[in-house]
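Okay, here's what each chain looks like letter by letter:
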Amino acid sequence: MSDASPALPSPVIALVGNPNCGKTALFNALTGSRQKVANYPGVTVEKKVGPLVTPAGRPVRIVDLPGTYSLRARSPDEEITRDVVLGHAQKDVTPDLIVCVGDASNLRLALRLALELKQVGRPVMLSLNMMDIARRRGVEIDVDRLSREMGVPVVSSVAVRRGGTDALLAEIDRQIAKQQVSGISAWRAPDAGALRGAQREADRILAAVVRGPGDPDSLTSRVDKVLLHPVAGLIILLAILFVMFQAVFAWAEPGMEAIEVGFQWLGSLVEGLPLPELARSFLKDGLIGGVGAVIVFLPQIVILFFFILVLEDLGYMARAAFLMDRIMGGAGLHGRAFIPLLSSFACAIPGIMSTRVIDDRRDRLTTILVAPLMTCSARIPVYTLIIGAFIPAREVWGFVGLQGLVMFGLYAIGIAGALAVSFVVKRLVWQGQPGEPFMLELPDYKMPRARSLAIGLWTRAMAFLKRAGTTILAMMILIWLLASFPQPPAGATNPAIDYSFAAMIGSAIQPLTAPLGFNWQINVALIPGMAAREVAVGSLGTIYAISGGEEAAAQIGQVLSSQWSLATALAFLAWYVFAPQCASTLAVIRRETGGWTWMWVTFFYMLALAYIAALVTYQVSRALGAG
Amino acid sequence: MNTRPTIALGAARVGFRGRIHAIDTESGGAGLPAGELERRLIELGFVEGANVELLHQGLFGGDPIAVRIANTTIGLRRREAMAILVSTEA
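Fair warning: this is a prediction, and the values are worked out from it, not measured in the lab. (Residues numbered from 1 in each chain as written. Chains lettered and ligands numbered in written order. Predicted model: local features only at pLDDT ≥ 70, side-chain atom pairs only at ≥ 80, totals over all residues. Heavy atoms only, no water.)

Moving on: the overall build of chain A. Counting its secondary structure elements, chain A contains 27 helices and 12 strands. For chain A, the residues scored as buried account for 53% of the 627 residues in total. For chain A, the share of sequence-separated contacts (at least 6 apart) that also reach a separation of at least 24 residues comes to 73%. Accessible area for chain A stands at about 26,900 Å²; split by element, carbon and sulfur atoms hold 64% of it. (Helix = DSSP H or I, 4+ residues; strand = E, 2+ residues; numbered from the N terminus. Buried < 20%, exposed > 50% of the residue type's maximum accessible area, 1.4 Å probe, protein only. Contact = heavy atoms within 4.5 Å. Areas by Shrake-Rupley, 256 points an atom, 1.4 Å probe, with all protein chains shown as cover.)

So, on to the confidence of the model for chain B. Residues and elements named next belong to chain B. Looking at chain B, pLDDT values average 86 and 89% of them are 70 or higher. When mean pLDDT is compared element by element in chain B, strand β4 (residues 65-69) scores highest at 94, while helix α1 (residues 34-43) scores lowest at 86. Complex prediction metrics read pTM 0.80 and ipTM 0.92. (pLDDT = per-residue confidence, 0-100.)

Turning our attention to unusual backbone geometry. Cis geometry marks the peptide bond from B:Asp63 to B:Pro64, where omega comes out at -10 degrees. Mapped onto the elements of the fold, B:Pro64 is located in the loop between β3 (51-57) and β4. Non-glycine residue A:Asn20 carries a positive phi angle of around 70 degrees. Checked against the element boundaries, A:Asn20 lands in the loop between β1 (12-17) and α1 (23-31). Of note, the phi angle at B:Ala70 is positive, near 50 degrees, even though the residue is not glycine. Counting through the fold element by element, B:Ala70 comes out in the loop between β4 and β5 (72-76).

One open sheet holds the seven strands; their spatial order is β12(A)-β5(B)-β4(B)-β3(B)-β2(B)-β6(B)-β1(B), and the pairing between them is antiparallel. The open sheet has two free edges, formed respectively by β12 (439-441) of chain A together with β1 (6-8) of chain B, since each of these has just one partner strand. Neighbour-to-neighbour, the strand axes of this sheet turn through a mean angle of 40 degrees, independent of strand direction. Note that β12(A) and β5(B) share three bridges and pair antiparallel. Bridging from a neighbouring strand, A:Leu440 pairs with B:Gly75 of β5(B). Against the sheet, α1(B) engages β12 of chain A together with β2 (17-23), β5 and β6 (84-88) of chain B, with an angle of about 10 degrees to β12(A). (Pairing = 2+ DSSP bridges. Axes fitted to C-alpha atoms, helices over the stretch in contact; angles between N-to-C directions.)

Let us look at the interface of chain B and chain A. Of the residues lining the interface, 39 residues belong to chain B; the matching set on chain A comes to 43 residues. Note on chain B versus chain A: buried area summed over both sides is about 3,600 Å², and carbon and sulfur give 55% of it. The largest per-residue losses of area from chain B upon contact with chain A belong to B:Glu43, B:Asn71 and B:Arg77, which jointly make up 19% of the total buried on that side. There are seven salt bridges connecting chain B and chain A. For A:Arg72, the salt bridge identified is with B:Glu43, shortest N-O distance 2.6 Å. Taken together, the connections running from chain B to chain A amount to 14 residue pairs in polar contact (both at pLDDT 80 or more). Looking at which element gives the most residues to the side of chain B that touches chain A, the answer is α1(B), with eight residues. Here the residues of the side of chain B that touches chain A sort into 18 nonpolar, 10 polar and 11 charged. (Buried area = accessible area lost by both parts, 1.4 Å probe. Salt bridge = Lys/Arg side-chain N within 4 Å of Asp/Glu carboxyl O. Polar contact = N/O pair within 3.5 Å; in protein donor to acceptor, adjacent residues only side chain to side chain. Nonpolar A, V, L, I, M, F, W, Y, C, P; charged D, E, K, R; others polar.)

With that out of the way, let us pick up the pairing of strand β5 (residues 97-103) of chain A. Two faces make up the sheet, and in a regular strand the side chains alternate between them. All names here are of chain A. The element β5 is extensively covered by neighbouring structure, given that seven of its seven residues are classed as buried. Here β5 shows a buried face lined by Leu97, Val99, Val101 and Asp103 and a second buried face lined by Ile98, Cys100 and Gly102. Where β1 lies against β5, five bridges are found, and the strand directions are parallel. By the bridge assignment, Leu15 is partnered in β5 with Val99. In this structure, β5 lies alongside strand β6 (residues 124-129), joined through six bridges in parallel fashion. Along β6, the bridge assignment pairs Gly102 with Leu128. Handedness of the β-α-β unit built from β5, helix α3 (residues 108-117) and β6 comes out right-handed. (Right-handed = clockwise from strand over helix to strand, strands pointing away.)

To continue, consider the pattern of salt bridges. All names here are of chain B. Enumeration according to the criterion identifies 29 salt bridges over all chains in this entry. As a salt-bridge pair, Glu36 and Arg40 come within 2.8 Å of each other at their nearest N and O atoms. Placement of both Glu36 and Arg40 in helix α1 is noted, with a separation of four residues, approximately one turn of the helix. Taken individually, Glu36 and Arg40 each receive the classification buried, so the pair is uniform in this respect.

Printed below as a string of structure tokens:
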């Protein structure tokens, strides 16, 4: 290809390996922050591509593929790995070279995968990753012999050390320079016999080239005696969760306040601009206020992901799933659903996105369906307002605050609701078909690396901000339009919102919500609350014509307690536990499930639950004299 | 090794050490077709002749179990581990 022009796309190098082989650390080491994370079209699998200039000055692109044990794909993640490796995916990621990455101290399964990769008719090389750890544990590998036995080039790499990827880069240069023409794939999905044969061959090669202790990592064994202990392990898991929740709420506070102050300052800047009233309102209430209401959750999301990434890098997440599998199995959930549901306590969006770790489609859908029932942080301002206004601050049983108890109860109802829904879905929708088996590698513990952690947090924070700048922004503009038009007639005395489409919609649905004890003001507050739950607090404030936003929460509370009955307030809380009051969550469900069906299923089942819960709460409270 | 007693790994206790004698997924019970379960077990390294050790088990019903196989630890449910027939170590 001597006529290679610069317009020709640079060669693609695909990283393939078992889960936990340090592939992502290697990818980060090679590409750093230049990597781009997007989704493969039509599926929700992250497509991670990063440019790189080799030592010989050749521009190449590195593609990180989801970890797999075999090209026989089982989850959407693994299908992508198979399709890219076989060249069935888009042209722009068809690999010119496949780098099979293996954990040097645990090569058994990697060698079998490498043998399978050799059949796809593309150049393959093997990179023995985490060579430093293997050496420290006394593992010696005859790299030349391994290369001869496997029939592919083999290099060793240490992703986390400077210069640790030099040998890999040099070999990549050599392989790309050869311009080998891709042959024809001889790969077919292997049957049990072929897999068995390949594993035997891998075991034979392994025995021939690896010298060193065959015994497990002693630190991991000792730590697991405690962390996987049937009783102590569960207690420690609960303690870790407790610390994590504390951190998400306590540590995020200063950051959230700073962001709020920042957006208020932006708003006040706009206030001073010589603009028509309408344009000012659009900038301040629609853009700055709306997007700010969502971006304020960035600190919580970053802290939550910090914990998740650290626990993942440590190798603890697989153990948490192991400990929780049986407990969650009782409600029809898979052990791996634990992490997504945990994340949903901060926000259902990252929670739903992290269901990608669940192989089985049915298990994954069940988890996505119930994730929005976990009490996310956006419900907290609403709960706080109503509880503060209607629940007396007295103690029950001598030591428990009643307000705190109600708050705890709302969390508990959400969890119970999620378990009940998944139980019903398992029985009715999947008709009790036995679920996916739980089979999960429990990797050796490893120290998380600051650099990998930083890159992981950065890409997730950017993804969140990007969403806030697109989907959520569009939603906010729509809601501002509804709340601002038509404009009040000249000489109008009521708040402008009374004349808007929002108020018309609020009054129009009045007959539907009357049995719940909702007035039209609540109906109106529910509409902007669709964009972000906590917006309802500010909306109620606006509607009741009180100046000031969240700082005036106590004041709004006073007005509410004089205008609403206790039954209405309780019904409103019950509604908020279940209602699908979050357009971004619905948008993420649509994207993650690849269609509208499951989004609408989620919307309507949550709406039905919310309606029934609020109806029962209101009618029962009234019957008990709280009307 | 055929002379040694063979049990299912799914019925073994914590601390059990042995060698895989056969993968028999026909007796079923798992949520997968027999062939698929067999392939998945092999992909995680459960092949005949490999040494295994049952390291840990869960609180309720002793399920799931954590099994050491060569240099890897795999967590799986006892139901699926019933397909792994093991003979006690010599």
